[in-house]
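One letter stands for each residue in the lines below.
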Amino acid sequence: TSRAQAYQLSSQSMAGGKWSSIVSDPQATYDSVISSPEGVGHGIMAHSPYFTNAPPGLYRALLRSKVASNTGDKEAGAMDVFSEYASTRAELHLFPKDFPAANTYQEFSVDFVLRSAGYWGFRVYTQGNQPFTADIVKVFPVALLEDKQLLELYPGSEGAIPADVQPRRDAYPFRGLLVAG
C-alpha cells in the first residue's frame, strides 16, 4: 500500500558515462552500484527517467552512498530533484565529514514538494575530488496535499494570480513576466 519507490542507479537506463562506472559490490542493495573515480571533475553520475503523475505533496528522497575517505573539506557528491515547472526542487550536498565512516554505506535524505502532475526526476553527481559511490535512491511521500492545502501553501498555483502579487503595469523602466503555477 506504500507509494515508496526504489531506483537502482546501476541500471543501464540511469548510469554510465565519463563520471561513473557500474561496478559489483557485495554490500550493494542489488549487487551493483555506480562509482566515480577521483579526478574526473564535476559531472552527472546518474539521471533518472522523467516520472509523471505524482500526486501533489511533500516527498523525501533517500540516497544510499559511500566515500573512500571521510576526511577533507571538498564536496564528494550531490543529488538534486527537478521538475517540469521548477528546475530545482531540492539539493543534497555531501561532504566527507557527513560520513561517520569511510567505505561504509550511509543514507542521506532531502525533502521536496511536488505541486503539479508535470514530470520530475533526480540526478546524482560526483565532484571528482575522491572516489564516490552511489547505490540506490528511494522516494516516498511524507504527506500528500489536498487541493485546498495546496492553494493555501501556494496561492496562484491554480492559474489565477492574486492582484496583490501581480507586477504594476508599465513600471518603467522595468517590465515583468509573471507565470502562474
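Everything quoted here is computed from the prediction, not taken from an experiment.

Reading the values: rules and limits
- Residues numbered from 1 in each chain as written.
- Predicted model: local features only at pLDDT ≥ 70, side-chain atom pairs only at ≥ 80, totals over all residues.
- Heavy atoms only, no water.
- Core = buried A, V, L, I, M, F, W, Y, C linked by side-chain atoms within 4.5 Å.
- Buried < 20%, exposed > 50% of the residue type's maximum accessible area, 1.4 Å probe, protein only.
- Helix = DSSP H or I, 4+ residues; strand = E, 2+ residues; numbered from the N terminus.
- pLDDT = per-residue confidence, 0-100.
- Salt bridge = Lys/Arg side-chain N within 4 Å of Asp/Glu carboxyl O.
- Phe/Tyr/Trp six-rings, centres within 6.5 Å; stacked < 30°, edge-to-face > 60°.
- Contact = heavy atoms within 4.5 Å.

Turning our attention to the nonpolar core. The biggest cluster of nonpolar side chains holds 29 residues, and the ones touching the most others in it are L9, L63, M79, F112, F122 and V124. If you list the elements that add at least two residues to this core, you get strand 4 (43-47), strand 5 (57-67), strand 6 (77-83), strand 7 (90-94), strand 8 (106-114), strand 9 (120-126) and strand 10 (132-144).

For the protein chain, mean pLDDT is 85; residues scoring 70 or higher make up 82% of the total. The spread of mean pLDDT over the elements of the protein chain runs between helix 1 (residues 147-153), the lowest at 75, and strand 7, the highest at 96.

Another aspect to go through is unusual backbone geometry. Backbone geometry follows two general trends: most residues other than glycine have a negative phi, and most peptide bonds adopt the trans configuration. One non-glycine residue, N53, lies in positive phi territory at about 65°. Along the chain, N53 turns up in the loop between strand 4 and strand 5. Using a relative accessible area of 59% as the deciding quantity, one classes N53 as exposed. The residue N103 is not glycine, and still its phi comes out positive at about 55°. For N103, the location among the structural elements is in the loop between strand 7 and strand 8. Judged by relative accessible area, which is 44%, N103 ranks as partly exposed.

What follows concerns the pattern of salt bridges. Where side chains of opposite charge bring their charged atoms close, a pairing between them can arise. One pass over the structure, following the stated rule, counts 5 salt bridges. For the salt bridge of R123 with D80, the shortest nitrogen-to-oxygen distance reads 2.8 Å. Taken together, the residues R123 in strand 9 and D80 in strand 6 connect sequence positions 43 residues apart. The two residues R123 and D80 agree in class, both being buried. The salt bridge involving K138 is made with E107; its shortest N-O contact spans 3.1 Å.

Summed over all chains, the structure comprises 9 aromatic pairs. When the centroid spacing of 5.7 Å and the interplanar angle of 40° are considered together, the rings of F112 and W120 count as tilted. The pair F112 / W120 is uniform in exposure class, with both members buried. Taken together, the aromatic side chains of Y7, F51, Y59, F112, W120 and F122 make up a single cluster linked through ring pairs.

In this structure, Y85 sits in the loop between strand 6 and strand 7. As a C-alpha pair, Y85 and A117 span 32 residues in sequence and 9.7 Å in three-dimensional space. Non-local contacts of Y85, meaning those with residues more than four positions away in its chain, are made with S116 and G118.

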